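The lines below spell out each chain.
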Amino acid sequence: MTPTSWGIRQLIYGYCTQLDTDAAMHIGNEFVPHDCDRVVVERIQSPSRARSELAGILSACKEGDKIIVRQLSDLSWRLPDLITTLESLSKRGIELVDLSSGLRLQDATAADLCSALAKHSQAVMQLRSVYNHLQTNKPVGRPSEISDEQWKDIKDDLVQGKSVKDAAEKWKVKPQAIYYRRRRDAEEAATSREQDPRQGDIEYYLKLLSQPRNVDSECSTLP
């Protein structure tokens, strides 16, 4: 039964992400033993796009509520964004449970966080490989009418202040094709920025968390 605090019912949310739509129906069993009030499986269109379902859960949560995730990478692939979310949940008094590492945010030590963040970096590496494989093998939805050489010239015009409409007219392409290449470049850039954190990165971001901990000494054993 979901616990209550001063007559206010505390809710338990289960949340995970999924890259492969066809497999989404088969996940979620991990949350059954935790009596979740709501389980959300959110498909990731690309690493750079916002998780709208997660944003809804974070907005709805109140002090004393609990969010259970399969792994921390469900919250974000990017370490800075993940740390920001963890810090916000901690300050708001919302419990987070990571099933893959066993992390319980409200009771976590610095060593617990170091271990969980190391698992996060490993999970992101695996997810990135799967995502790249899916991108390589999926049918092409909208082939670009702009060649790579032509795109370089168009980008130069855009940087110099030319509008999309004017650039499209100059190079005799559709404006939609320019927007498409812009979006594709942004997604590729976001994926390339998903670098694996080094130990120093993890120690730095741990210091941003609100709990006072001796991070430097406890993180020294992180592989």
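Fair warning: this is a prediction, and the values are worked out from it, not measured in the lab.

Digging into the sheet that holds strand 7 (residues 103-104)
- Spatial strand order, 4-3-5-6-7: five strands in an open sheet with mixed pairing. A single partner strand is all that each edge strand has here, and the edge strands are strand 4 (38-43) and strand 7.
- Taken together, the four bridges between strand 3 (residues 12-18) and strand 5 (residues 66-69) define a ladder with parallel strand orientation. Looking at strand 5, one finds that Tyr 15 is bridged to Val 69.

Here's the deal with the pairing of strand 3
- Among the seven residues of strand 3, seven are classified as buried, and the element is accordingly described as predominantly covered.
- The alternating pattern of strand 3 places Ile 12, Gly 14, Cys 16 and Gln 18 on one face and Tyr 13, Tyr 15 and Thr 17 on the opposite face, and all of these are buried.
- Pairing analysis gives six bridges linking strand 3 to strand 4, with the strands arranged parallel. Bridged to Tyr 13 within strand 4 is Arg 38.

What about the pattern of salt bridges?
- For the coordinates displayed, the defined rule picks out nine salt bridges.
- In this structure, Lys 62 engages Asp 65 in a salt bridge whose closest nitrogen and oxygen atoms are separated by 3.3 Å.
- Overall, Asp 65 belongs to the buried group, its relative accessible area being 0%.
- One salt bridge connects Arg 78 with Asp 81, and the closest N-O pair in it is separated by 3.2 Å.
- Taking relative accessible area as the criterion, Arg 78 reaches 31% and is therefore assigned partly exposed.
- Taking the relative accessible area as the measure of exposure, Asp 81 reaches 35% and is therefore partly exposed.
- Through salt bridges with shared partners, a single network forms among Glu 30, Arg 70 and Asp 74.

Description of the pairing of strand 5
- Sheet topology note: the strand 5/strand 6 (residues 95-98) ladder contains four bridges and is parallel. Looking at strand 6, one finds that Val 69 is bridged to Asp 98.
- Between the parallel pair strand 5 and strand 6, the chain is carried across by helix 2 (residues 79-92), and the sense of this crossover is right-handed.

Examining helix 1 (residues 52-60)
- For helix 1, the complete set of buried residues consists of Leu 54, Ile 57 and Leu 58. Summarising the axial view, the buried residues of helix 1 lie within an arc of 95°, below the 170-degree limit, and thus occupy one face. In helix 1, the exposed positions that point more than 90 degrees away from the buried face belong to Ser 52 and Ser 59.
- Contacts made by the buried residues of helix 1 are with strand 3, strand 4, strand 5 and helix 2.

The rules behind the values
- Residues numbered from 1 in each chain as written.
- Predicted model: local features only at pLDDT ≥ 70, side-chain atom pairs only at ≥ 80, totals over all residues.
- Heavy atoms only, no water.
- Pairing = 2+ DSSP bridges.
- Helix = DSSP H or I, 4+ residues; strand = E, 2+ residues; numbered from the N terminus.
- Buried < 20%, exposed > 50% of the residue type's maximum accessible area, 1.4 Å probe, protein only.
- Salt bridge = Lys/Arg side-chain N within 4 Å of Asp/Glu carboxyl O.
- Right-handed = clockwise from strand over helix to strand, strands pointing away.
- Arc of directions from axis to C-beta.
- Contact = heavy atoms within 4.5 Å.

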